[in-house]
Amino acid sequence: MYSEKVMDHFMNPRNVGEIENADGVGEVGNPQCGDIMKIFLKIENDIIVDAKFKTFGCGSAIASSSMATELIKGKSIDEVVSLTNRAVVEALDGLPPKKVHCSVLAEDAIKVALMDYAKKNNLNIKGLENFKVREHEH
Amino acid sequence: MYSEKVMDHFMNPRNVGEIENADGVGEVGNPQCGDIMKIFLKIENDIIVDAKFKTFGCGSAIASSSMATELIKGKSIDEVVSLTNRAVVEALDGLPPKKVHCSVLAEDAIKVALMDYAKKNNLNIKGLENFKVREHEH
Amino acid sequence: MMGDDVLKRNVYLDYSATTPVKKEVFEAMVPYYTENFGNPSSIYRYGREAKSVVDKSREIIAGTINASTNEIYFCAGGSEADNWALKGIAEANANKGKHIITSKIEHHAVLHSCEYLETRGFEVTYLDVDEYGMVDLNDLKNAIRKDTILISIMYVNNEVGTVQPIAEIGKIAKENGIYFHTDAVQSYGHIKIDVEKLGVDLMTISSHKIYGPKGVGALYIRKGTKINQFIHGGAQERSMRAGTENLAAIAGFGKAASIADETLDEHRTRLIALRDKMINEISSRIGHVKLNGHPTERHPGNVNFCFEFIEGESLLLLLDNQGIAASSGSACTSGSLDPSHVLMALGLPHEIAHGSLRLTIGDFTTEEDVDYTVEKLVGIVEKLREISPLH
Amino acid sequence: MMGDDVLKRNVYLDYSATTPVKKEVFEAMVPYYTENFGNPSSIYRYGREAKSVVDKSREIIAGTINASTNEIYFCAGGSEADNWALKGIAEANANKGKHIITSKIEHHAVLHSCEYLETRGFEVTYLDVDEYGMVDLNDLKNAIRKDTILISIMYVNNEVGTVQPIAEIGKIAKENGIYFHTDAVQSYGHIKIDVEKLGVDLMTISSHKIYGPKGVGALYIRKGTKINQFIHGGAQERSMRAGTENLAAIAGFGKAASIADETLDEHRTRLIALRDKMINEISSRIGHVKLNGHPTERHPGNVNFCFEFIEGESLLLLLDNQGIAASSGSACTSGSLDPSHVLMALGLPHEIAHGSLRLTIGDFTTEEDVDYTVEKLVGIVEKLREISPLH
Ligand SMILES: Cc1ncc(COP(=O)(O)O)c(C=O)c1O
Ligand SMILES: Cc1ncc(COP(=O)(O)O)c(C=O)c1O
């Protein structure tokens, strides 16, 4: 069902945890639908210097969180804004069609965290002007 | 499906054949329904001294003919008139429910042969006044 | 037991009724009973292994008929697949029309499904066949109406072996935008089938007619076909057919299908030779006989004769006594009043139809079996004719 | 392979999904594939032998539930039997009324058949259950109408294991002259069943839940019940269910039924001890858990918990990684949005229902398996809670 990459990131998730006094925090999903993803960012000079997550959800939700945090660490905000769920799916060597929504959650959680960062610092982040968390369906 | 008795009388039917110048001949059934039974009687002094048959039909039709002719040989007309299909079934150690009609055919064929004998000799046979060949159904 | 075997042969000539499971097929099933018994719908390892077995069989079977894997739906056998096709199409397309065309010689699984649908407001045209059991394409064209939603014509008849012009029927169906179902239970494994070339939208196949296990079959459903589920419940078979997947049987069906496909040519050549030998010998050595079905457009293993003046059940019993297993369209073997609907549809008079005998040849039939059977048959027919008042 | 076995146990705890075939059962099936493969409907020896196998299994199964042999009809499994019962009764009795009563926690084979019937003009009342999964008898009485023709309530729920008061329901059905069907797939082989005492008119059972083969089940139909056929076709099963009899599977089903019946008491005692041990250990060693289903009126092998703050699929995957096969009512395992309809009907909040785990114990489960599973579970739950933002 899942690729080896997915299983690896699910069994040994990277970046689990919280960042105290994080520069940006994003939470998406809700317990009703069975997935909650919370992403914590540490940002210095427009660079994501650290990222952590906590996730309630299925194997692919956890693997997507793990992979997404890996992908953004060390990247600039600009680079992260243009990261789509596709990139997460590809980095995981694919997800079953019914589970692609988990990668969308990860993309959204990161963007919400960036918006949080922007709000706290009174910034405008290019590319996020029209961002809205998507209604996600399984 | 069939008792050993039925199989024996089917595999080794007794009294197969015709009697030339028979005293009574009875034929019942029709090719349409898949059974024809023809019984030949030789009668002397009200006694069935010989009986033979020819039958087109299934295993139980042939066995019933064989057993019925056995049962009536040496019997008086009176005795034969009171012979019912039940007696044939019992003598065969039973027939499957769907095949009981074969024993009815045998009883009827014998009675038709007796009627033929009565007609040829201008006799009335007690017990056959109201006899009618039954419509038989499988 | 030994004594019996020495004295008498065991000659099974009822391959169209059911076949033994081939050894390789049985071996392909064994692991899935006591060991790898998982539920293919589960996500754990047991279940994933089970799923891959089901997927593999589906792939094999799709390959044998040039379908794609997601057009093959496993079910419990030919009868269920026929019921599903007929009722599922009828219900799902009732808004378009309520008329169905079939033939008078279909298997009862199709005919009785049609009769059921008649009680639910559908109209059914039952096409006549000619004396060889062939459907007339002009009759078919004439029967088509504005509200015809389905044509169901069997590929090969199970009693007399006649092969219908399926590709031509498929063309007519397509031209008229009507779904076309064929019951291919008796052709699958005996004739090379290509659903694209035939233009069928639905096709029934059954495992136990091709040396696979009983209790499993499949319905081919062309992608995009509007059809209802028949067995409702769990999400198995992509939510189209509920019920825990019959793992071992599906594994066996797949194996049987792959063997049948790989050996199709030699299988046909061998059977046809035996069949023709049997037909020729019976025709030449026994008088007052009639070959039923088509002389050339015929199932490779089907021999079906009427023997005048005698009745089928008697024939079967005496053959059985010689160790020969065969079947008959005689009324007496079915417990009904009339001989088989197929023989009646061929226009045979009742008294002749009563004397039919079907001998169906398969992969384990030898030339000696054929010789032995003909030899015994000659004597048995003679014996029964002696007893018969019609002779 | 060996290394794997040494490092990791294989603990199958999904017996309610499907069971392995027991060795004795498999051995009872073997002769009917390659050797005695006859068609039971034929009159020759091969067929007669086959028929006697089918008859014998029918007799065994009838005996285990105090039915007579001609009240047992073989079919392809529990789903088909449920479909047949629901649709067959509905169609045959539509003239009397078009109302059916069932519960919200039935198997999908019943629920989706009901939904289908709703599209055909029937009305269905879906009874609520209490927090333990119990139907309320007063609710049932209140739901009965003049035009109610059928009550269908499952004996034991497959997810949470709750046992319904079937005899009481049977009494209510009888008093009101309404047919009563029960899906006994999860109780047959685990609870002594007497159809007379229960007052059921129709009952579904399935072989692969009692260590028999997949692909075979049976519908008990009380003599005199007015019901339509579901699969139309040949005259098998006294013309009530068409399709060549699944000989080997029926032989296996018979064997499995007789073993289950003979060992019922020890089977129950053993399972209940393991079940209760597991329930107690999980309850005492893991916080924030909730036992689903009834504390006492419960399937002898069913353990079902919700673990707060975590999601079922993750749990299953990590258990699988330790060699433990289990199941979950989590939405993520079914591909639907909502957690299982059963957990929702018990009134569980979504976020808790998502974290459900079903462990079902069977005859091959050992005490070591239970210990191992609890041990692993403690760690896995802890790990997932560490990842969870809800914790
Ligand atoms: C032409 C045809 N259709 C359907 C069937 C039914 O198949 P099954 O016995 O697998 O239900 C058969 C065989 O019995 C058949 O010969
Ligand atoms: C309660 C219940 N009913 C029906 C079924 C369906 O049985 P089968 O898989 O034999 O079709 C199952 C099992 O899947 C079940 O647990």
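Structure: above.
Computed from a predicted model, the values in this text were never measured in an experiment.

Asker: Describe the site of ligand 1, with residues and values.
Answerer: Around ligand 1, 15 residues are found, and the nearest of them are Ser79(C), Asp183(C), Ser206(C), Lys209(C) and Thr244(D). Near ligand 1, the surrounding residues belong to chains C and D. Side-chain polar atom of Gln186(C) to an oxygen atom of ligand 1: 2.7 Å apart, as the coordinates give it. Relative to its free-state accessible area of 390 Å², ligand 1 is covered by the protein chains to the extent of 94%.

Asker: Quick rundown of the site of ligand 2? Include the residues and the values.
Answerer: The environment of ligand 2 is formed by 15 residues, the closest being Thr244(C), Ser79(D), Asp183(D), Ser206(D) and Lys209(D). More than one chain reaches ligand 2: its neighbouring residues belong to chains C and D. Side-chain polar atom of Thr244(C) to an oxygen atom of ligand 2: 2.5 Å apart, as the coordinates give it. In this structure, an oxygen atom belonging to ligand 2 sits 2.8 Å away from a side-chain N or O atom of Gln186(D). Compared with its free state, where it exposes 390 Å², ligand 2 has 94% of that area covered by protein. Class assignment of the residues belonging to the shell around ligand 2 gives a composition of two nonpolar, 10 polar and three charged.

Asker: I'd like a description of the packing of helix 1 (residues 4–11) of chain A against helix 2 (residues 59–72) of chain A, backed by residues and values.
Answerer: Residues and elements named next belong to chain A. Across the interface, helix 1 lies against helix 2 with an axial gap of 8 Å and an inter-helix angle of 85 degrees. The pairing of helix 1 with helix 2 is recorded here as roughly perpendicular in orientation. Facing Lys5, Val6, His9 and Phe10 of helix 1, the residues of helix 2 in contact are Gly59, Ile62, Ala63, Ser66, Met67 and Glu70.

Asker: Help me get a handle on the interface of chain C and chain D, residues and values and all.
Answerer: On the side of chain D, 58 residues touch chain C, which itself brings 58 residues to the contact. Between chain C and chain D the total buried area reaches about 4,800 Å² when both faces are included, carbon and sulfur atoms providing 61% of it. A per-residue breakdown of the area chain C buries against chain D is headed by Tyr33(C), Tyr44(C) and His232(C), which together make up 14% of the total. The residue Asp320(D) makes a salt bridge to Arg48(C) at a minimum N-O spacing of 3.0 Å. Mapped onto the side of chain C that touches chain D, the elements with two or more residues apiece are helix 2 (23–29), helix 3 (31–34), helix 4 (45–64), helix 5 (78–92), helix 6 (108–119) and helix 13 (312–321) of chain C.

Asker: Please give an account of the packing of aromatic side chains that cites residues and values.
Answerer: Under the defined criterion, the tally for this structure stands at 20 aromatic pairs over all chains. Consider the rings of Phe26(C) and Tyr33(D), whose centres lie 5.3 Å apart with planes at 35 degrees: the pair is tilted. Of the two residues, Phe26(C) sits in helix 2 while Tyr33(D) sits in helix 3 (residues 31–34), which places them in two different chains. Residue classification places Tyr33(D) among the buried positions, given a relative accessible area of 5%. Linked through ring pairs, Tyr12(C), Tyr15(C), Tyr211(C), Phe364(C), Phe37(D) and Tyr44(D) together constitute an aromatic cluster. Across the ring face of Tyr116(D), the terminal group of Lys87(D) is positioned such that the distance to the ring centre comes to 4.7 Å.

Asker: Explain the relation of the copies chain C and chain D to me, and be specific about the residues and the numbers.
Answerer: Mapping chain C onto chain D leaves a residual RMSD of 0.0 Å; the transformation is a rotation of 180 degrees accompanied by 0.0 Å of translation along its axis. Considering both components of the superposition, the chain copies are consistent with a two-fold axis. For chain C, the residue whose C-alpha comes nearest the rotation axis is Ala76(C), separated from it by 3.0 Å. In this assembly the copies share their binding face: 100% of the residues contributing to the interface of chain C also contribute to that of chain D.

Asker: An account of the sheet that holds strand 3 (residues 47–56) of chain A is requested, with residue identities and associated values reported.
Answerer: Residues and elements named next belong to chain A. If you trace the three strands from one edge of the open sheet to the other, you get 1-2-3, paired in antiparallel fashion. Two strands close off the open sheet at either side, each with one partner strand: strand 1 (24–30) and strand 3. This sheet shows a mean twist of 15 degrees between the axes of neighbouring strands, independent of strand direction. Note: strand 1 against strand 2 (residues 35–44), seven bridges, orientation antiparallel. Bridging from a neighbouring strand, glycine 26 pairs with isoleucine 39 of strand 2. Contacts between helix 5 (residues 100–120) and the sheet are confined to strand 1, strand 2 and strand 3, with strand 1 contributing the most and set at about 140 degrees to the helix.

Asker: Explain the environment of Phe56(A) to me, and be specific about the residues and the numbers.
Answerer: By the element assignment, Phe56(A) lies in strand 3. Residues in contact with Phe56(A), not counting those within four places in the same chain, are Pro31(A), Gly34(A), Asp35(A), Ile36(A), Phe309(D), Ile310(D), Glu311(D), Glu351(D), His354(D), Ser388(D), Pro389(D) and Leu390(D).

Asker: So what's going on with the arrangement of the chains? Residues and values would help.
Answerer: Interchain contacts are distributed over five pairs of chains, and the most extensive set of them lies between chains C and D. Regarding chain A and chain B, which are not in contact, the minimum distance between any of their C-alpha atoms is 53 Å.

Asker: So what's going on with helix 11 (residues 247–262) of chain C? Which residues, and what values?
Answerer: The terminal C-alpha atoms of helix 11 of chain C, which comprises 16 residues, lie 23 Å apart, in line with the 22 Å expected from a rise of 1.5 Å per residue. The buried fraction of helix 11 of chain C is high, at 13 of 16 residues.

Asker: Break down the packing of helix 13 of chain C against helix 17 (residues 367–387) of chain C for me, citing the residues and quoting the values.
Answerer: All names here are of chain C. As a packed pair, helix 13 and helix 17 sit with axes 10 Å apart at the nearest point and diverge in direction by 135 degrees. As far as their axial angle goes, helix 17 and helix 13 are oblique. Helix-helix and strand crossings are classified by hand; for helix 13 and helix 17 the assignment is right-handed. Residues Ser314, Leu315, Leu318 and Leu319 of helix 13 pack against Leu377, Ile380, Val381, Lys383 and Leu384 of helix 17. Per-class residue counts for the contact of helix 13 with helix 17 are seven nonpolar, one polar and one charged.

Asker: Provide a residue-level description of the pattern of salt bridges, including the pertinent values.
Answerer: Within the structure shown, the criterion is met by 52 salt bridges over all chains. For Lys54(B), the salt bridge goes to Glu18(B), with nearest N and O atoms at 3.9 Å. Taken together, the residues Lys54(B) in strand 3 (residues 47–56) and Glu18(B) in the loop between helix 1 (4–11) and strand 1 (24–30) connect sequence positions 36 residues apart. Exposure remark for Lys54(B): the relative accessible area of 14% places this residue in the buried category. A residue is classified by how much of its surface remains accessible, and Glu18(B), at 48% relative accessible area, is partly exposed. Taking the shortest distance from any N to any O, the salt bridge between Glu196(C) and Arg222(C) comes out at 3.2 Å. With a gap of 26 residues between them, Glu196(C) in helix 9 (residues 195–198) and Arg222(C) in the loop between strand 8 (217–221) and helix 10 (236–239) connect regions that are remote in the sequence. The class for Glu196(C) is partly exposed, based on a relative accessible area of 42%.

About the criteria used
Residues numbered from 1 in each chain as written. Chains lettered and ligands numbered in written order. Predicted model: local features only at pLDDT ≥ 70, side-chain atom pairs only at ≥ 80, totals over all residues. Heavy atoms only, no water. Near = heavy atom within 4 Å. Polar contact = N/O pair within 3.5 Å; in protein donor to acceptor, adjacent residues only side chain to side chain. Areas by Shrake-Rupley, 256 points an atom, 1.4 Å probe, with all protein chains shown as cover. Nonpolar A, V, L, I, M, F, W, Y, C, P; charged D, E, K, R; others polar. Axes fitted to C-alpha atoms, helices over the stretch in contact; angles between N-to-C directions. Helix = DSSP H or I, 4+ residues; strand = E, 2+ residues; numbered from the N terminus. Parallel < 35°, antiparallel > 145°, perpendicular 65-115°, else oblique. Contact = heavy atoms within 4.5 Å. Buried area = accessible area lost by both parts, 1.4 Å probe. Salt bridge = Lys/Arg side-chain N within 4 Å of Asp/Glu carboxyl O. Phe/Tyr/Trp six-rings, centres within 6.5 Å; stacked < 30°, edge-to-face > 60°. Buried < 20%, exposed > 50% of the residue type's maximum accessible area, 1.4 Å probe, protein only. Lys NZ or Arg CZ within 6 Å of the ring centre and 35° of its normal. Least-squares fit on C-alpha atoms with pLDDT ≥ 70 in both. Pairing = 2+ DSSP bridges. Expected span 1.5 Å × (residues − 1). Left-handed = near helix turned anticlockwise from the far one by under 90°.

Everything listed is a geometric property; what it means functionally is a separate question.
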